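Below are the chains, spelled out letter by letter.
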Amino acid sequence: MKLYRPATVVIGVIFVLLGGLTRLGEPEQVFDKQDRVVTSGTIGEELEYGDSKLTITRMRFVKSFQADESDDKMVQTKGIFVAIEYDAVRGGKDPGTNSVMLRADGGSVYEPVTEVIGDSVSFPEPGFAQTGAFVFEVNPADVTGLTFYLKRTQFFNSLAQDLSIDLAVPSEEIAQRSIDGAADEYVMPDETTRVAE
Amino acid sequence: MESLDDVIDAMIADRVIHRHRRKWLIALAVVVVLAVVIWLTGGWKEHKGRSVPTLTAPVTVEAGRFEFGFTSAKIIRKPKGEYSKAETRLEVYLDIKNIDDEEQTSTYMSGGLLKLVVGGGEDPIDSNGATCHDELGYVFVYGLPSESCSAKFEVPVDFDAKEVEIGVMGEQYDAASELTGATDDKYWGAETAISVVRLPTTIETEEK
């Protein structure tokens, strides 16, 4: 005798598909703070990220920038730009994907500007090191305590490591002095890759 | 060896399954056919009258984490080229400011926040997002003054209107529904209609 006729199987399949459909209604990104470990450091310090390493080598306030040398468009702002240069050494394990942002004491969160393609630290193949740069457009009234924050992208609830790097803008006075002394122009350096020592 | 009991059980089970089989199959087929018919005829839409205010440009609208200052609109016709089709687009010019007091985060404007109201029961057309300083998907910084931008809408080639209506959507800062139980953290989402802005248009034909 046959208990599982095609119609029965079809109904079963429909229920499975319905179950899948309900998942489409769930929010796209779910982040839970309990499963994040934040490693803190300062500019110039080499920080361990899994078995990879990241150093923020340079930070500058600039009034305008050029996305690359061949581009003749200088990007202007009503605020101020912060240029960040990094050096990433890749270890054996996959460092995964990440997104970067700047955070300030006033609560502002800044994302990389549109003209710069890519808003994450790109780690090269194992055994290599890479340099790169970001430009952030920021509000000059909220730059005290500026921190570079690297957030690992998570799809599953596993323990993820984030990096928080202090960019040495401890007070409003120092912030103002840095902004007054901002360079007029900045040309974004090309990414370079080398063999890691 | 199969016992007689097993054989009788199997026969009874067979009968029970077969008893209303045709009715069930017909009922199922009716449901499927209904679903297909509704799907093909454009879904189950409830048509309500406009429940948001209609404003006339120039006007400033606060919607979710953005403030939109509408200025003007232009219909741009691109004539047929030797290798390209004729195209028409609508460009709306507006000043956009990030007013996200909740998260104070830099963000770009997603295209779905501005919709061209076509009318006549047709679906509205989404914009392609905000283009400022020649950059599509411009990132707006919280705390900085507004930027002048444009939003583009792909319209049919013969599109013509003295006045266009742009629907402004605003996101809500809220947590996901408790039913899904995903998280208590609030986030920007769930766009709802805030207002409709009327803009007079000018027509421009692009040189080849």
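Residues numbered from 1 in each chain as written. Chains lettered and ligands numbered in written order. Predicted model: local features only at pLDDT ≥ 70, side-chain atom pairs only at ≥ 80, totals over all residues. Heavy atoms only, no water.

Chain A has the name DUF4352 domain-containing protein in an unreviewed UniProt entry, where Kribbella caucasensis is given as its organism.

**A look at the interface of chain A and chain B**
With 29 residues of chain A in contact, the opposing surface of chain B contributes 32 residues. Summed over both sides, the interface of chain A with chain B buries roughly 2200 Å², with 55% coming from carbon and sulfur. Among the residues of chain A in contact with chain B, Arg5(A), Lys78(A) and Thr114(A) are the three that bury the most area, contributing 27% of the side total. Counting across the interface, chain A meets chain B through 2 salt bridges. Between Glu147(B) and Lys78(A) there is a salt bridge, with its nearest N and O atoms 3.9 Å apart. For the pair chain A and chain B, the number of links is 6 residue pairs in polar contact (both at pLDDT 80 or more). Contributing elements (two or more residues each) for the side of chain A that touches chain B: α1 (6-24), β6 (109-110) and β7 (128-138) of chain A. (Contact = heavy atoms within 4.5 Å. Buried area = accessible area lost by both parts, 1.4 Å probe. Salt bridge = Lys/Arg side-chain N within 4 Å of Asp/Glu carboxyl O. Polar contact = N/O pair within 3.5 Å; in protein donor to acceptor, adjacent residues only side chain to side chain. Helix = DSSP H or I, 4+ residues; strand = E, 2+ residues; numbered from the N terminus.)

**Remarks on the sheet that holds strand β1 (residues 36-42) of chain A**
Residue and element names in this part refer to chain A. If you trace the 5 strands from one edge of the open sheet to the other, you get β1-β9-β8-β5-β6, paired in mixed fashion. The two strands at the open ends of the sheet, each matched to only one other strand, are β1 and β6. When strand β5 (residues 98-103) meets strand β8 (residues 147-152), the two strands line up antiparallel, connected through 6 bridges. Counted as the bridge partner of Arg-103 is Thr-147 from β8. (Pairing = 2+ DSSP bridges.)

**Topic: the side chain of Gln161(A)**
Residue and element names in this part refer to chain A. Secondary-structure assignment places Gln-161 in strand β9 (residues 160-166). Here the side chain of Gln-161 touches Glu-48 through a polar contact of 3.0 Å, landing on its backbone oxygen. Of note is the side chain of Gln-161, whose polar atom sits 2.9 Å from the backbone nitrogen of Gly-50. When near neighbours in sequence (up to four residues on either side) are disregarded, Gln-161 contacts Val-37, Thr-39, Glu-48, Tyr-49, Gly-50 and Arg-152.

**A word on the confidence of the model for chain A**
Looking at chain A as a whole, the pLDDT averages 84, with 92% of positions reaching at least 70. The element-level mean pLDDT for chain A is lowest in β1(A), coming to 84, with strand β4 (residues 80-89) of chain A highest at 91. (pLDDT = per-residue confidence, 0-100.)

**Quick look at the pairing of β9(A)**
All names here are of chain A. The buried count for β9 comes to 6 of 7 residues, which makes it a mostly enclosed element. Alignment of β1 against β9, held across 7 bridges, turns out to be parallel. For Val-37, the partnering residue across the bridge sits in β9 and is Gln-161. With 4 bridges joining them, β8 and β9 adopt antiparallel strand pairing. The partner of Tyr-149 across the bridge, within β9, is Ser-164. (Buried < 20%, exposed > 50% of the residue type's maximum accessible area, 1.4 Å probe, protein only.)

**With respect to a nonpolar patch on the surface**
Together, Val10(A), Ile11(A), Ile14(A), Phe15(A), Leu18(A), Leu21(A), Leu24(A), Leu28(B), Val32(B), Val36(B), Trp39(B) and Leu40(B) make up a nonpolar patch on the protein surface, roughly 1200 Å² of accessible area in all. For the nonpolar patch, the secondary structure elements donating two or more residues are α1 of chain A together with α2 (21-40) of chain B. Of all the elements, α1(A) adds the most residues to the nonpolar patch, at 7 residues. Structurally, Ile11(A) is set in helix α1. When its relative accessible area of 35% is taken as the criterion, Ile11(A) is described as partly exposed. (Patch = residues over 30% accessible without salt bridge, like charges linked within 9 Å, V, L, I, M, F, W, Y side chains within 5 Å. Areas by Shrake-Rupley, 256 points an atom, 1.4 Å probe, with all protein chains shown as cover.)

**Details of the UniProt feature "transmembrane region" (unreviewed entry) in chain B**
If you check UniProt for "transmembrane region" (unreviewed entry), the listed places come out as residues 24-44 of chain B in our numbering. Summarising residues 24-44 of chain B: 81% helix, 0% strand, and an end-to-end C-alpha distance of 25 Å. (UniProt positions renumbered as here; feature names shortened; annotations may be inferred.)

**Topic: the domain arrangement of chain B**
Domain assignment breaks chain B into domain 1 (1-41) and domain 2 (54-205). Once you take the C-alpha centre of each, domain 1 of chain B and domain 2 of chain B turn out to be 52 Å apart. (Domains from an automatic or database assignment.)

**A short note on the packing of aromatic side chains**
Residues and elements named next belong to chain B. Here the structure, examined in full by the defined rule, presents 10 aromatic pairs over all chains. For the ring pair Phe-66 and Phe-140, a centre distance of 5.9 Å and an interplane angle of 75° mean the geometry is edge-to-face. Of this pair, Phe-66 sits in strand β3 (residues 66-78) while Phe-140 sits in strand β10 (residues 139-140), and the two are 74 residues apart along the sequence. Each member of the pair, Phe-66 together with Phe-140, is buried. With 6.2 Å between their ring centres and 40° between their planes, Phe-68 and Phe-70 make a pair best called tilted. Phe-70 carries the same exposure label as Phe-68, and that label is buried. Through successive ring pairs, a cluster of aromatic residues spans Phe-66, Phe-68, Phe-70, Tyr-138 and Phe-140. (Phe/Tyr/Trp six-rings, centres within 6.5 Å; stacked < 30°, edge-to-face > 60°.)

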